[in-house]
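# Analysis of the macromolecular model
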Amino acid sequence: MCGHLVECPPATAQDCEAAKIRLHQPEIGCSELCNGVLIFEDTGCLLPTGDVVEPRRPLPREAVTA
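The paragraphs below set out a description of the structure included in this document.

Conventions and cut-offs
Residue indices begin from 1 for each chain and proceed along its sequence in written order. Reporting in this predicted model follows two pLDDT cut-offs: at least 70 for local features of residues, and 80 or more for side-chain atom pairs to be given and counted; totals over whole chains, interfaces and linings ignore these cut-offs and use all residues. Side-chain numbers come from the whole structure's heavy atoms, not from hydrogens or water. Per the convention used, a helix needs a DSSP run of H or I reaching at least four residues, while a strand needs a run of E reaching at least two, with both numbered from the N terminus. We call a residue buried when its accessible area falls under 20% of the maximum for its residue type, exposed when it is over 50%, and partly exposed in between, using a 1.4 Å probe and counting protein chains only. The contact criterion used throughout is that any non-hydrogen atoms of two residues lie within 4.5 Å. For this text, the term disulfide refers to a pair of cysteine sulfurs within 2.5 Å.

## Structural notes on the overall build of the chain
Looking only at helices and strands, the chain features 0 helices and 5 strands. Helices and strands appear in the chain in the N-to-C order β-β-β-β-β. Relative to its 66 residues, the chain shows a buried fraction of 27%. Counted over contacts in the chain with a minimum sequence separation of 6, partners at least 24 positions apart contribute 18%.

## Some words on the state of the cysteines
Here, disulfide denotes a covalent bond that connects the sulfur atoms of two cysteines. Per the stated rule, a full pass over the model turns up 0 disulfides. With no disulfide of its own, C8 lies closest to C34 among cysteine sulfurs, the gap being 3.4 Å. According to the relative accessible area criterion, C8 is buried, its value standing at 9%. Between C45, a free cysteine, and C16, which holds the nearest cysteine sulfur, the sulfur-to-sulfur gap is 5.7 Å. Taking relative accessible area as the criterion, C45 reaches 3% and is therefore assigned buried.

Rendered as structure tokens:
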């Protein structure tokens, strides 16, 4: 799917989010990467297979319990 000189990681790779942005949709808060992954502003992802990667953003400080 990727046509870059240095090919981007496939959607199945651990570092799939390192692929280049193909289409940016700021009005809906996501970008499509050249490997078919949809990456959202909240750091979650939707893989081409339909699998969801939960957001990995840190919890707000008051939500963290010891």
